[in-house]
2 protein chains.
Amino acid sequence: MKKIGVALLGLGTVGGGTYRILRKNHELFRKNEGLDINVLHVIERNMKRVEELGVDPAIVSENIDDVVNNPDISIVCEFFGGIEPAKTFLIRSLEAGKSIVTANKELFSKHWPELEAAAKRGKAGLYFEASCVGGVPVIRTICEGMQANTVLSIKGIVNGTTNYILSAMSKEGTSYADALKKAQELGYAEANPSADVDGFDATYKLSILSTLAYHKKVPVERIYREGISGVSTKDIAIGGSLGYTLKLLAISKNRNGKIEARVHPAFIKNEHPLASVSGSFNAVHMVGDSVGDIMMYGRGAGDLPTGSAIVSDIVYCAKQTKHAYLPFKNDGSSRDCDFITDFESKYYIRLTAVDKCGTLGKISTVFGKNRVGITTVLQKDTVGENGTTDIIFVTHDTFESAVRKALKEISSLEGVKSVDAVIRVED
Amino acid sequence: MKKIGVALLGLGTVGGGTYRILRKNHELFRKNEGLDINVLHVIERNMKRVEELGVDPAIVSENIDDVVNNPDISIVCEFFGGIEPAKTFLIRSLEAGKSIVTANKELFSKHWPELEAAAKRGKAGLYFEASCVGGVPVIRTICEGMQANTVLSIKGIVNGTTNYILSAMSKEGTSYADALKKAQELGYAEANPSADVDGFDATYKLSILSTLAYHKKVPVERIYREGISGVSTKDIAIGGSLGYTLKLLAISKNRNGKIEARVHPAFIKNEHPLASVSGSFNAVHMVGDSVGDIMMYGRGAGDLPTGSAIVSDIVYCAKQTKHAYLPFKNDGSSRDCDFITDFESKYYIRLTAVDKCGTLGKISTVFGKNRVGITTVLQKDTVGENGTTDIIFVTHDTFESAVRKALKEISSLEGVKSVDAVIRVED
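These figures come from a predicted structure and were not determined experimentally.

(A) How the structure looks around the overall build of chain A. When helices and strands are counted, chain A shows 15 helices and 17 strands. Seen through its principal axes, chain A has C-alpha atoms that stretch 80 × 45 × 35 Å. In chain A, of all internal contacts separated by at least 6 residues, the share reaching a separation of at least 24 is 74%. As displayed, chain A has an accessible area near 16900 Å², and 49% of this comes from carbon and sulfur atoms. Each charge class in chain A was averaged separately, 52 positive and 51 negative side chains, and the resulting centres sit 3 Å apart.

(B) Summary view of the sheet that holds strand β2 (residues 35–43) of chain A. All names here are of chain A. On the basis of which strands lie adjacent, the open sheet formed by six strands has the order β3-β2-β1-β4-β5-β6 and parallel pairing. Looking along the sheet, the strands with just one partner apiece sit at the ends: β3 (60–61) and β6 (126–127). Relative to strand β4 (residues 73–78), strand β1 (residues 2–9) is paired through five bridges, and the arrangement is parallel. Along β4, the bridge assignment pairs A7 with V76.

(C) View of the relation of the copies chain A and chain B. Once chain A has been moved 0.0 Å along the axis and rotated by 180°, it coincides with chain B to within an RMSD of 0.0 Å. Here the two chains are linked by the operation of a two-fold rotation axis. Ranked by how close their C-alpha atoms come to the rotation axis, the residues of chain A are headed by M296 of chain A, at 2.3 Å.

(D) Local environment of the packing of helix α8 (residues 160–172) of chain B against helix α9 (residues 176–185) of chain B. Residues and elements named next belong to chain B. Two elements in contact, α8 and α9, have axes separated by 9 Å at closest approach and are oriented at 125°. Judged by the angle between their axes, α8 and α9 are oblique. Handedness of the crossing formed by α8 with α9: right-handed. Contacts between α8 and α9 pair Y164, I165, A168, M169 and E172 from the former with Y176, A179, L180, K182 and A183 from the latter. Partitioning the contact of α8 with α9 into residue classes produces eight nonpolar, no polar and two charged.

(E) Quick look at the domain arrangement of chain A. The assigned domain composition of chain A is domain 1 (2–131), domain 2 (138–299) and domain 3 (344–426). Relative to domain 3 of chain A, the C-alpha centre of domain 1 of chain A lies at a distance of 53 Å.

(F) Up close: the interface of chain A and chain B. Tallying the contact residues gives 44 residues for chain A and 44 residues for chain B. Summing both partners gives a buried area of about 3500 Å² for chain A against chain B, and 55% of it is carried by carbon and sulfur. Per-residue buried area on chain A facing chain B is highest for Q147, A148 and Y297 of chain A; these three make up 16% of the total on that side. In this structure, the connection of chain A to chain B is made through two salt bridges. Joining chain A to chain B, the criterion identifies 17 residue pairs in polar contact (both at pLDDT 80 or more). Residue assignment for the side of chain A that touches chain B shows that the elements contributing at least two residues are α1 (13–24), α2 (26–33), α7 (138–145), β12 (292–299) and α13 (303–319) of chain A. The residue makeup of the side of chain A that touches chain B, split by class, is 20 nonpolar, 15 polar and nine charged. Of the strand pairs in this sheet, β12 of chain A and strand β12 (residues 292–299) of chain B are connected by five bridges, and their pairing is antiparallel.

(G) Expanded view of the environment of T233 of chain B. All names here are of chain B. Topologically, T233 is positioned in helix α12 (residues 233–241). For T233, a relative accessible area of 25% gives the class partly exposed. C-alpha separation for the pair T233 and S170, spaced 63 residues apart in sequence, amounts to 7.1 Å. Those residues within four positions of T233 in sequence are excluded, and the remaining contacts are M169, G173, T174 and S175.

(H) Layout of the environment of V68 of chain B. Residues and elements named next belong to chain B. Tracing the chain through its elements places V68 in helix α4 (residues 65–68). In this structure V68 comes out as buried when scored by relative accessible area, which is 13%. With 120 residues separating them along the chain, V68 and Y188 place their C-alpha atoms 34 Å apart. Apart from residues lying up to four places away in sequence, V68 is in contact with R92, S93, A96 and K98.

(I) View of unusual backbone geometry. In this structure, the amide linkage connecting E84 of chain A to the following residue, P85 of chain A, adopts the cis form with an omega of 10°. Along the chain, the position of P85 of chain A falls in the loop between β4 and α5 (86–95). At H215 of chain A, a residue that is not glycine, the phi angle is positive and equals roughly 55°. The class for H215 of chain A is buried, based on a relative accessible area of 18%. With phi around 50°, N256 of chain B is a residue other than glycine that occupies positive phi space. Looking at where N256 of chain B falls in the secondary structure, it is placed in the loop between β9 (244–255) and β10 (258–269). For N256 of chain B, a relative accessible area of 83% corresponds to the exposed category.

(J) The packing of aromatic side chains, seen in detail. All names here are of chain B. For the coordinates displayed, the defined rule picks out 22 aromatic pairs over all chains. Plain terms: the ring middles of F108 and F128 are 4.0 Å apart, the flat faces sit at 25° to each other, and that makes the pair stacked. Within this pair, whereas F108 is found in helix α6 (residues 105–122), its partner F128 is found in the loop between β6 (126–127) and α7 (138–145), the two being separated by 20 residues in sequence. Pair check on accessibility: F108 and F128 agree, each one buried.

(K) Layout of the confidence of the model for chain A. Per-chain confidence: chain A averages 93 in pLDDT, with 96% of residues scoring 70 or above. Our summary of model confidence lists the complex with pTM equal to 0.94 and ipTM equal to 0.92.

(L) Region of the structure containing the side chain of T102 of chain A. Residues and elements named next belong to chain A. With respect to the secondary-structure elements, T102 resides in strand β5 (residues 99–102). Within polar-contact distance, the side chain of T102 engages the side chain of E78 at 2.7 Å. The residues contacting T102, other than those within four sequence positions of it, are E78, F108, Y127, F128, A130, S131 and I310.

(M) Spatial organisation of the nonpolar core. Within the largest apolar cluster, 156 residues are counted, with the highest numbers of intra-cluster contacts made by I165 of chain A together with I165 of chain B. Excluding its chain neighbours within four sequence positions, the residues that come into contact with I165 of chain A are Y176, A179, L180, A183, V197 and I228 of chain A.

(N) The sheet that holds strand β5 (residues 99–102) of chain B, seen in detail. Residue and element names in this part refer to chain B. A sheet is described by the order of its strands in space; here six strands give the open sequence β3-β2-β1-β4-β5-β6, paired in parallel fashion. With one partner strand each, in any of the chains shown, β3 (60–61) and β6 form the two edges of the open sheet. Here strand β2 (residues 35–43) pairs with β3 via two bridges, running parallel. Across the sheet, the residue bridging to V42 is V60, located in β3. Here helix α5 (residues 86–95) sits on the sheet and contacts β1 (2–9), β4 (73–78), β5 and β6; the angle it forms with β4, its principal contact strand, is near 165°.

Thresholds, definitions, all that
- Residues numbered from 1 in each chain as written.
- Chains lettered and ligands numbered in written order.
- Predicted model: local features only at pLDDT ≥ 70, side-chain atom pairs only at ≥ 80, totals over all residues.
- Heavy atoms only, no water.
- Helix = DSSP H or I, 4+ residues; strand = E, 2+ residues; numbered from the N terminus.
- Contact = heavy atoms within 4.5 Å.
- Areas by Shrake-Rupley, 256 points an atom, 1.4 Å probe, with all protein chains shown as cover.
- Lys, Arg positive; Asp, Glu negative; His and termini not counted.
- Charge placed at Lys NZ, Arg CZ, Asp CG, Glu CD.
- Pairing = 2+ DSSP bridges.
- Least-squares fit on C-alpha atoms with pLDDT ≥ 70 in both.
- Axes fitted to C-alpha atoms, helices over the stretch in contact; angles between N-to-C directions.
- Parallel < 35°, antiparallel > 145°, perpendicular 65-115°, else oblique.
- Left-handed = near helix turned anticlockwise from the far one by under 90°.
- Nonpolar A, V, L, I, M, F, W, Y, C, P; charged D, E, K, R; others polar.
- Domains from an automatic or database assignment.
- Buried area = accessible area lost by both parts, 1.4 Å probe.
- Salt bridge = Lys/Arg side-chain N within 4 Å of Asp/Glu carboxyl O.
- Polar contact = N/O pair within 3.5 Å; in protein donor to acceptor, adjacent residues only side chain to side chain.
- Buried < 20%, exposed > 50% of the residue type's maximum accessible area, 1.4 Å probe, protein only.
- Phe/Tyr/Trp six-rings, centres within 6.5 Å; stacked < 30°, edge-to-face > 60°.
- pLDDT = per-residue confidence, 0-100.
- Core = buried A, V, L, I, M, F, W, Y, C linked by side-chain atoms within 4.5 Å.

Structure (C-alpha cells):
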C-alpha cells in the first residue's frame, strides 16, 4: 500500500473540513484507492482550534521548516488564503519536491507562472481543483473531460455571496443593502465584502478556468470587472417581467482565438440552466465545439464541499507518476496575446425621460444612427415627479462602444433626465 | 512525442463523429496533450460510409485480426453496440494488450466482470466515459472528483428519447403516442423504441454509474424497471398543477451500505435542478457526504457529443502509466450483497370514485390503517360519466409494500371505480 504523508498549512474552515474528511475516510482510501493517507504535520498557531479538531499537538508547529524538511511529507495543502505567507511557503515546498494542493484562487490566478516554475524545479505537482466552484470538479472536467474540444465559452456563477444577495433581492424584493446585511449575519459575506461584491473573487476564478480552457494565460488584470453594488431591485423586477434573471456572471469567450473575459451583473433568460442556480449554489456552463453545452452545478464554498475538492486532489496527486504542467502559450502581457475589450452583447437600458410626445422618437433616432438595434421598448405608464417616466430598451447584439457612444448622446437630449441602468443581457 | 495508434470498430453515428474529431484535432492533441494520435485501422463493411468520411480505404477491412495483430495499435474503440460481435472483438483486443474505449452501455453493464478479467490478463485498460450521458464527463467526475465522498444517491435523466417525449407531453399536451411518433420522425427514437421507452437503456447506465459510485457491482437485473408508455397527459397536467414535473428517473441510493436501484417515471418538484432539464438533454444529480449536491448537465447523445467522450477517453488512456480496475466487492448475485426492493418514497395516486359523501373518508381510513400518511388530497369538482370523479392523493414517505397493500384494499371499496395512476414522487 502506497503511504502518503500530508501537511496542512492552516486549520481554518476548509483546513478543518479537510482534516475531518481525511480522518473519517482513512479506511475508505485504503480500500477504494489503495492509499494510506496520513496527516504528518500541521502549521497552526490557534491551539484551541487544534484541540477542537482533535489534532495531536505533537504534529503542530508554526515553522514551515518542519514541513519542508520532513522527507515523509509528499503533499502540502495550503489554507491561509491571500498572497503571503502562502506564496513563500508553497514555493519552498515545491522546490523541496512536495506537490501542493490549494483552494487559494487569488494566489493561483496572480502568481501561477512563478508557482509553475518552482514546481518544475522541484519536479512536483500543482493541484487547485478547490480554487473554483468548491467541491464541483470543474477543473478536472476541463482538463480530463474536454480534451476533444476547443472550448468556445465559459459562463459561470462562481461566487456564492453575490448569488445569495441577488437571489434574495430577486425573490424577496429586498434592497441591496438589506440583502448584504443578511448575508453578513448568516456568514455568507465578510465584514468587508469587497472581494465578493466588487467581483474580485470571480475574476480570480475566471482567470484560472479560462487559462485552462483556452490554453492561454488569461490574467486577472485583463478581465473587465463590475460588481453588484449598483444593482437595484427595480431593474431586477423589470427584468423579471421581461423573462430575465439577474446574475453576477463570469464570462469568457474564445472568438476565433481572441479571448474576451469579463465579470459583471447580467440578465439571462429564465430558461437558461444558469437562471435556476440560486442562493449560495454555483455553476459553470461551458460550450465545446464537439460536446456542445455542458453545465456543472454544486456548492461553491463551505468546509466539507471545498474540503472534498482538496482531498480529491490529494488522492489524484498521489496517483500521478508524472505531474503535468500547463504549456503557457503566453504570459498574458505580450502583444501577440489578443484580448477583446469592445464586447459584443445585448443591453438592457433604463432611462428617465419627460413623458412627452417626440422624446421616444429622438432617442430611437440616436440608437439607430449608432447602429444599436432595439428588440424591446417598454414605457411604464406610471408618470413620476416632474412628469417623468421610465423607458426601458433591450438591444440586439451590439458593440459596447456603440452603446456608450449612443448613450452619451442620448443623455444630452432634451427631455432625457438620466440614464439610470445599463445591464448586459447574455444568451 | 508519444505516438498512439487507434482502431475504430464501426463507422456509424458515434464512430463517424469520433473519426471527424480525431482528424480535425490532430494538431490540437500534439500541441495541448503531447500526443500524436492516428487512426491506423477501421472495421467497416459499408464502403459508402468510408468514402463519405474520407477514410483511406487501405486501412479498412472486416477482419478483427487486422486490429489484434497490429502491434502499432494500442487503443481499440468500439461502436457496434449490442453484445456480439462487440464482446468477442473487445475481449480479443484486451487479451492482445490493447486498451478499449466504448460507448456500449449494454455490453458494459452486462459483461463488465468478463471484460475486466480480459483486461487484467492483457494488462490493458477499460474506458467507457461515453457509455453514460454522452459527452458529459460524469464517470470521470465520480472516479476522479468524488474520491473524498461516500456517494449517498444518484438521480439521473439519462435517456434523451424519453426525456424528449415527456417534455413534449408536458409542454404541448401531446399524447404519448403522438410524442413518440414525432420523436421517431426526428430520429430521436428508434423504429422499435422499446430499449428507450421501456427503460432498458436507463438501467444499463444506472448499473454502470452506481457500480462506480458505490464500489459495489449493481447488476442490471437487480434494478427495478418501469417505462413511460403508461404515462398519461392527464397526470402530467395534474402533477404540474401541484408543482411537479414528470421525468423518467434513474435512481439509486446507498442506505447505510444497502443499495436500492430503480428506473421509473417520477414526479420531482419544479425547483429541483433536474426539473428544468428538458428535451434531449441529460443530467445526473448526485449527493456525496462531503460535497453535498452536485449536478452535471449536457447532451446525452449525438455523433460529436458522444465522440467527444470517446476521444477524451483516448487521450486519458494514452496518458495512463498503469490502468486502474474497479475492485468489485461482490458480483451482485451473492447473498452478502444487500439490495433493497421495498422502496421508500412519496407517491402520487389517482383514483376514480363515485362522487358521494363518505367515499373519501373510507379511502382515507384504509390509507391510515396501512400507515400511509397523506400530505395532499385533490378532488376535482368536475363530475364525469356515471357520477364519478378523480381523487388525487400525494403521500408522505412510505414503503412501496404499504402503498400496494392499501391500494389493493381501496380498489375493492364500494364507490371506488379504479386506481388509475400510481407515480412515485422524489424529493
